[in-house]
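Descriptive structure summary
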Amino acid sequence: MEIIHLSAECYPIAKVGGLGDVVGALPKYQNKLGHVAKVVMPAYQTKFMQENEFEVVYDGWGKLGFHNFPVRIFREKTNKLGFDLYLVHISGLLDRPNVYGYDDDTERFLAYQIAVLDWITQWEHRPDVIHCHDHHTGLVPFMMAYCHQFKKLSTVPSILTIHNAQYQGQFGWDKLHYVPPFDLWKSGQLDWKGSINPLASAIKCAWRVTTVSPSYLEEISFKANGLEDLLAQERAKSVGILNGIDNEVWDPQNDPMLEKKYAIRTVENGKKANKEALCRVFNLDPLKPLFTFIGRLVGEKGADLLPDIFYNALLQANGGINVLVLGSGDPQVEGRLMQLKEAFPGNYNAYIGYNEQLSHQIYAGADFLLMPSRVEPCGLNQMYALRYGTVPIVRRVGGLKDTVVDIGDGGFGICHDQTSVWDVGHAIGRAYELYHDEKHLKEIRKYMMQLDHSWDRAAQQYIDLYQI
Ligand code: ADP
Ligand code: GLC
């Protein structure tokens, strides 16, 4: 099959969160199964663009409302990611350093979607499936089905994967003229509660809808930032497919970013060396249990509670634990996490910002990784933690529920029910006890590391789904 993935992020070209990891890995694994999976994404102004070789495969013009814009599509020449990568260059709109966060994001992602469909419509053949990821590509299923200029694609199956239903990309009807011409009586397919809502439109128009874990699919019929009724309505064409992880990138045996590489057999020594290196840099004591958080500092992740959670835990442990945070997001939370450094020097530290290498070092060097998420469609961090022999402490929600089994149930992680200072504090207490039960901890580390969360299974599940 020829599969076209459309996404705003793809690791290592541009990554803000897990979406980038997924789109950087799934196509590779689909190719390994004998298919031809390609990624077509915006060409941002990133290091990847400057450091690699490209050929131009398309030069054309797109139209956004009354505005015509030139489009150039590049193909990365060496297939270095294990799949064909195409980058859509639209001067003045996409060629910026960041992926999101601009006032004209609506225009940027609409122009990208229109340019992609213009290009694919001109191919001599049709791809077997167009796979859209999140709301930035959410108007594609509608445009394929109803816009006159893309009529040739109306019989190509479109798939929507919802990585996060919190973000929907809605904008006002005053921008309807951005959408290429279609029969106006189809407008309802764009609408949700009085706005043009790309995610809602994709849920309505895509041939199949997937979520990134089975539990998240159950949850969003009840709670999905206003889309729950629609999701309940479209339940019959929806399926939850648990994400995998890229075992080649996330492999403690072969990870060039680590202080010391290690395998299941050598996990104790390997983790010790990585922990010592990490503690040296962050002025922490390697003999104490190291608790960490990695992620976007937003409400969904429970980040607003982290300062209180850590304050209480550090106070109670009376110097007996270490905490290290890596993240960025809400400036208020960032500020409070920085302040904690003064209260607990030698036991607490934080790196505010994005740092891919440091994240690998933390997965390897930490003892415990916290994920007190309010919402977690899948979550990749806990799976990286497992692969690196780090015990996840997670709230029972979404994909966390589908991947972590509590030690009390014969499992390998620590689970709690609520995103509250009390519940997480209790979980940290249990972790502290586990840390001092050396034999049990050693067994668990080995057990976690042999769990298989690679993409092989999910890649095939998507292929099965495409055979509509
Ligand atoms: P989400 O996509 O909701 O942010 P996921 O758990 O799916 O959550 O994926 C998060 C990804 O982003 C992981 O690869 C994680 O290591 C990475 N990440 C998040 N914040 C940072 C950061 N500050 N520095 C480096 N990597 C980060
Ligand atoms: C989203 C979700 C996260 C998921 C990721 C990849 O960003 O918040 O839970 O793991 O997408 O699917």
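Residues numbered from 1 in each chain as written. Chains lettered and ligands numbered in written order. Predicted model: local features only at pLDDT ≥ 70, side-chain atom pairs only at ≥ 80, totals over all residues. Heavy atoms only, no water.

An unreviewed UniProt entry annotates the chain as Glycogen synthase originating from Pedobacter steynii. If you open the UniProt record of the chain and go to Function (unreviewed entry), you find "Synthesizes alpha-1,4-glucan chains using ADP-glucose." (UniProt positions renumbered as here; feature names shortened; annotations may be inferred.)

A look at the overall build of the chain
Each helix and strand counted, the chain has 16 helices and 17 strands in total. For a compact globule of 468 residues, the expected C-alpha radius of gyration is about 23 Å, and the chain comes in at 23 Å, within 12% of that figure. A principal-axis box enclosing the C-alpha atoms of the chain has dimensions of 65 × 45 × 40 Å. Within the span of the chain, comprising 468 residues, buried residues form 60% of the whole. Considering only residue pairs separated by 6 or more positions, the chain has 71% of its internal contacts joining residues 24 or more positions apart. Surface exposure of the chain reaches about 18700 Å², of which carbon and sulfur atoms provide 49%. If you average the places of the 46 positive and of the 55 negative side-chain charges in the chain, the two averages end up 2 Å apart. (Helix = DSSP H or I, 4+ residues; strand = E, 2+ residues; numbered from the N terminus. Rg over C-alpha atoms; globule rule 2.2 N^0.38 Å. Buried < 20%, exposed > 50% of the residue type's maximum accessible area, 1.4 Å probe, protein only. Contact = heavy atoms within 4.5 Å. Areas by Shrake-Rupley, 256 points an atom, 1.4 Å probe, with all protein chains shown as cover. Lys, Arg positive; Asp, Glu negative; His and termini not counted. Charge placed at Lys NZ, Arg CZ, Asp CG, Glu CD.)

What to know about the sheet that holds strand β2 (residues 36-42)
Strand order in the open sheet formed by nine strands is β3-β4-β5-β2-β1-β6-β7-β10-β11, with mixed pairing between adjacent strands. Pairing within the sheet leaves two strands with one partner each, and these edge strands are β3 (54-64) and β11 (238-240). When the angles between neighbouring strand axes are averaged without regard to direction, this sheet yields 20 degrees. Summarising the sheet, strand β10 (residues 208-211) and β11 pair through three bridges and their orientation is parallel. Counterpart to Val209 in the pairing with β11 is Ser238. Contacts between helix α1 (residues 18-32) and the sheet are confined to β1 (2-6), β2 and β6 (129-133), with β2 contributing the most and set at about 155 degrees to the helix. (Pairing = 2+ DSSP bridges. Axes fitted to C-alpha atoms, helices over the stretch in contact; angles between N-to-C directions.)

Observations concerning the layout of surface pockets
The space that makes up the second largest pocket amounts to roughly 470 Å³. What lines the second largest pocket is a set of 19 residues, and nearest its centre among them are Pro12, Ile13, Ala14, Lys15 and Thr46. When grouped by side-chain class, the residues that make up the lining of the second largest pocket number eleven nonpolar, four polar and four charged. (1 Å grid on protein atoms, 1.4 Å probe; cavity = no way out; pocket = protein on both sides within 12 Å on 5 of 7 lines; lining within 4 Å. Points joined across faces, edges and corners; volume = space filled by probe spheres on them. Nonpolar A, V, L, I, M, F, W, Y, C, P; charged D, E, K, R; others polar.)

Considering the packing of helix α8 (residues 267-282) against helix α11 (residues 356-365)
Axis angle and axis distance: for two packed helices, these are the angle between their axes and the distance between the axes, and together they describe the pair. Orientation of α8 relative to α11, taken along the N-to-C sense of each, is 125 degrees, at an axis distance of 8 Å. Viewed along their axes, α8 and α11 adopt a mutual orientation that is oblique. Handedness of the crossing formed by α8 with α11: left-handed. Along the contact surface, α8 presents Lys271, Asn274, Lys275, Leu278 and Phe282, while α11 presents Leu358, Gln361, Ile362, Tyr363, Ala364 and Gly365. Class assignment for the residues of the contact of α8 with α11 results in six nonpolar, three polar and two charged. (Parallel < 35°, antiparallel > 145°, perpendicular 65-115°, else oblique. Left-handed = near helix turned anticlockwise from the far one by under 90°.)

A short note on the domain arrangement of the chain
Assigned domains of the chain: these are domain 1 (2-244 + 456-466) and domain 2 (264-452). With both sides pooled, the region where domain 1 packs onto domain 2 buries about 1500 Å², and carbon together with sulfur makes up 53% of that total. A per-residue breakdown of the area domain 1 buries against domain 2 is headed by Ser215, Glu219 and Leu242, which together make up 25% of the total. (Domains from an automatic or database assignment. Buried area = accessible area lost by both parts, 1.4 Å probe.)

Topic: helix α5 (residues 198-205)
Counted residue by residue, α5 has eight buried out of eight residues, so it is predominantly covered. Residues of α5 that are buried include every one of Pro198, Leu199, Ala200, Ser201, Ala202, Ile203, Lys204 and Cys205, and no others. Of the surrounding secondary structure, the elements contacted by the buried residues of α5 are α4 (140-146), β7 (158-162), β8 (191-192), β9 (195-196), β10 and α7 (228-233). Two or three places before Leu199, at the start of α5, stands the capping residue Asn197, its side-chain oxygen 3.1 Å from that residue's backbone nitrogen. (Polar contact = N/O pair within 3.5 Å; in protein donor to acceptor, adjacent residues only side chain to side chain.)

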